[in-house]
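One letter stands for each residue in the lines below.
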Amino acid sequence: MDHREPTISTKSPWRRLRAAAGVLIWTALVGGGLTTLRQSEKHSLALARMGQQLVGSLEVIEIRFPLATGLGRGSRLRVEQGESLFQAGEVLSWREDSGEKVARVSVYPEYRQWLGEGAGFIAYETSGDIAWIIKTLFPPRVRQEILELLTKRWKEQRDTLLRRLGPGLIRLGDDLARALRDDFKKIVAEHRDDLDIMGRVLRERAWDGHIEKNFQEEIWPIVQERATPLVVQISEELIEAFPLFDFSWSYLLQKVNLSGSGRVQAELREFMTKKGVPILKSHDKQFREAAIQALKEVAASDHTRRAFERAFHDVSHDDRFREALTRVLSKWLLENEAVREIMSGLWDRDDLRRPLERFMDRLTPDIHRIANSIVLNDAGDGIDPELARVLRRKILREDERWILLDPSPQELGKDDKPPSFKGRIGGIR
């Protein structure tokens, strides 16, 4: 007879308890995850897409492209909504058939209705260069918003900034002018041949070619008309004030060698100093008015304006003039050590740096807004699709080639089968 005490097994109940706890935990995690995903349309679409991928019910279509297209496995199918591109599927595989490239493309469920008769498919390549990055990150809408924002701030801060920068800019201009002036004689001496070339071109292409005839026919008659009355008036005043008897007597004495040879010249200089110059100065205002009026009439002449335009065009397009001018300016401006030292120390000038720092402080909130418009999507809860596209292209080396889905004007019914599609090459975008 077996007298052993019955044993109580604890292994099986503990195992059942742990299994029950595990089921409860996983149920809570899955349920909570599903609830969270369903809180937004975006996550609901992602969940539906994931589910259809798991059960293999994504819509798969075939698109026939020209053989030259660079599409390959993994190339994205995209749709354009507003100014952004969103992924709508991807190329699963491709094969060559009858001189064409046939791509098998999976389409996300939310875009299936776009696959009706007349839907278009365009194969694009993305260059990834700096021009493309700027165009992608700054579409027309964003560029316009940034322009309007910066224009508004500039109008608000312009007067204050310019007033604060004024003294510093004046001192900077004085320093640059002094540096250029000090080097001018040296430049003229070293580039005399270039200056001769420029002068010769100006004479041949500008003066001889266009301006001389216009000067004789248009400009000089205007100058004569405006200056003649004033010249006559001044001449009469000079003649009236001129000591004719004294000058004639001095001239006679000098001729018969009864006075020094310089007597006439000395008396003429004395007359101009004491009488002639004051008479000319008394008409200074009239000279200015006559000159301004003459310039206005010259500027209003269509013939004169066209003559100077043609002269400027011919001179500026003359290779000899351009090459000589480039050599002179490069030596005088770009290779000038004094100018280079001044420009390299701009930020060290307190009278320029401090006003600019204050101006940038005022712009900081706007800069943050611009940065957010580039980095975040419209809802502000995720990365901007265009920035994501740039990052995929430049960092992950993806999206070099992709397909744009142009929706059909007729929606595809739930039970309808998509028609056959023929794609085309769209170039670089």
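Since the model is a prediction, treat every value here as computed from it, not as a measurement.

Talk me through the overall build of the chain; I want residue IDs and the actual numbers.
Secondary structure summary: the chain contains 13 helices and eight strands in total. Look at the contacts in the chain between residues 6 or more apart in sequence, and 74% of them connect residues 24 or more apart. Just so you have it, the chain exposes about 29,100 Å², and 57% of that area is on carbon and sulfur atoms.

Run through helix H9 (residues 302-316), naming residues and quoting values.
An ideal rise of 1.5 Å per residue puts 21 Å on 15 residues; H9 measures up with 21 Å between its terminal C-alpha atoms. Those residues of H9 not exposed but buried are Thr304, Ala307, Ala311, Asp314 and Val315. Buried residues along H9 cover an arc of 100° about the axis, so they all sit on one side. If you follow the buried residues of H9, they end up packed against helix H5 (192-241), helix H8 (284-300) and helix H10 (319-334).

So what about the pairing of strand S5 (residues 120-125)? Which residues, and what values?
The buried count for S5 comes to five of six residues, which makes it a mostly enclosed element. As paired elements, S5 and strand S6 (residues 401-406) share six bridges and run antiparallel to each other. Bridge pairing in S6 links phenylalanine 121 to leucine 405. Sheet topology note: the S5/strand S8 (residues 424-428) ladder contains four bridges and is parallel.

Summarise the environment of leucine 334; cite the residues concerned and give the values.
Relative to the helices and strands, leucine 334 resides in helix H10. The contacts of leucine 334, once residues within four sequence positions are left out, are Leu329 and Arg340.

Break down the pairing of strand S1 (residues 59-66) for me, citing the residues and quoting the values.
In the sheet, S1 pairs with strand S4 (residues 100-107) via eight bridges, with the strands oriented antiparallel. Bridge pairing in S4 places isoleucine 63 opposite alanine 103. With two bridges connecting them, S1 and strand S7 (residues 421-422) associate as parallel partners. Its bridge partner lying in S7, isoleucine 63 is registered against phenylalanine 421.

So what's going on with unusual backbone geometry? Residues and values would help.
With a phi close to 55°, serine 98 is a non-glycine residue in the positive phi region. The topology assignment puts serine 98 in the loop between strand S3 (84-97) and S4.

Break down the packing of aromatic side chains for me, citing the residues and quoting the values.
According to the stated counting rule, one finds seven aromatic pairs in the structure shown. Pairing tryptophan 154 with phenylalanine 359 gives two aromatic rings, centres 6.2 Å apart and planes at 90°, and the pair type is edge-to-face. Linking tryptophan 154 in helix H4 (residues 140-190) with phenylalanine 359 in helix H12 (residues 350-375), this pair joins segments that are 205 residues apart in sequence. You can call tryptophan 154 partly exposed: its relative accessible area is 35%. Given the relative accessible area of 15%, phenylalanine 359 is considered buried. Here the aromatic cluster, defined as three or more aromatic residues joined through ring pairs, consists of Trp207, Phe215 and Trp220. When the ring centre of tryptophan 94 is taken as origin, the NZ or CZ atom of lysine 101, which lies over that ring, is 4.1 Å away.

Which residues make up the pattern of salt bridges, and what are the values?
Summed over the entire model, instances satisfying the criterion amount to 24 salt bridges. Here arginine 226 makes a salt bridge to glutamate 297, at a shortest N to O gap of 2.4 Å. Here the residue arginine 226 occupies a position in helix H5, and glutamate 297 occupies one in helix H8, the gap between them amounting to 71 residues. With a closest N to O distance of 3.8 Å, glutamate 335 and lysine 331 form a salt bridge. Judged by its relative accessible area of 44%, glutamate 335 falls in the partly exposed class. Put simply, Arg64, Asp97, Glu100 and Lys422 are held in one network by salt bridges that share partners.

A description of a nonpolar patch on the surface should follow, citing residues and the corresponding values.
A surface patch of nonpolar side chains, amounting to about 320 Å² of accessible area, comprises Leu268, Met272, Leu280 and Phe287. Tracing the sequence through the fold places leucine 268 in helix H7 (residues 263-282). Take leucine 268: its relative accessible area is 38%, and that puts it in the partly exposed class.

Parameters and conventions
- Residues numbered from 1 in each chain as written.
- Predicted model: local features only at pLDDT ≥ 70, side-chain atom pairs only at ≥ 80, totals over all residues.
- Heavy atoms only, no water.
- Helix = DSSP H or I, 4+ residues; strand = E, 2+ residues; numbered from the N terminus.
- Contact = heavy atoms within 4.5 Å.
- Areas by Shrake-Rupley, 256 points an atom, 1.4 Å probe, with all protein chains shown as cover.
- Expected span 1.5 Å × (residues − 1).
- Buried < 20%, exposed > 50% of the residue type's maximum accessible area, 1.4 Å probe, protein only.
- Arc of directions from axis to C-beta.
- Pairing = 2+ DSSP bridges.
- Phe/Tyr/Trp six-rings, centres within 6.5 Å; stacked < 30°, edge-to-face > 60°.
- Lys NZ or Arg CZ within 6 Å of the ring centre and 35° of its normal.
- Salt bridge = Lys/Arg side-chain N within 4 Å of Asp/Glu carboxyl O.
- Patch = residues over 30% accessible without salt bridge, like charges linked within 9 Å, V, L, I, M, F, W, Y side chains within 5 Å.

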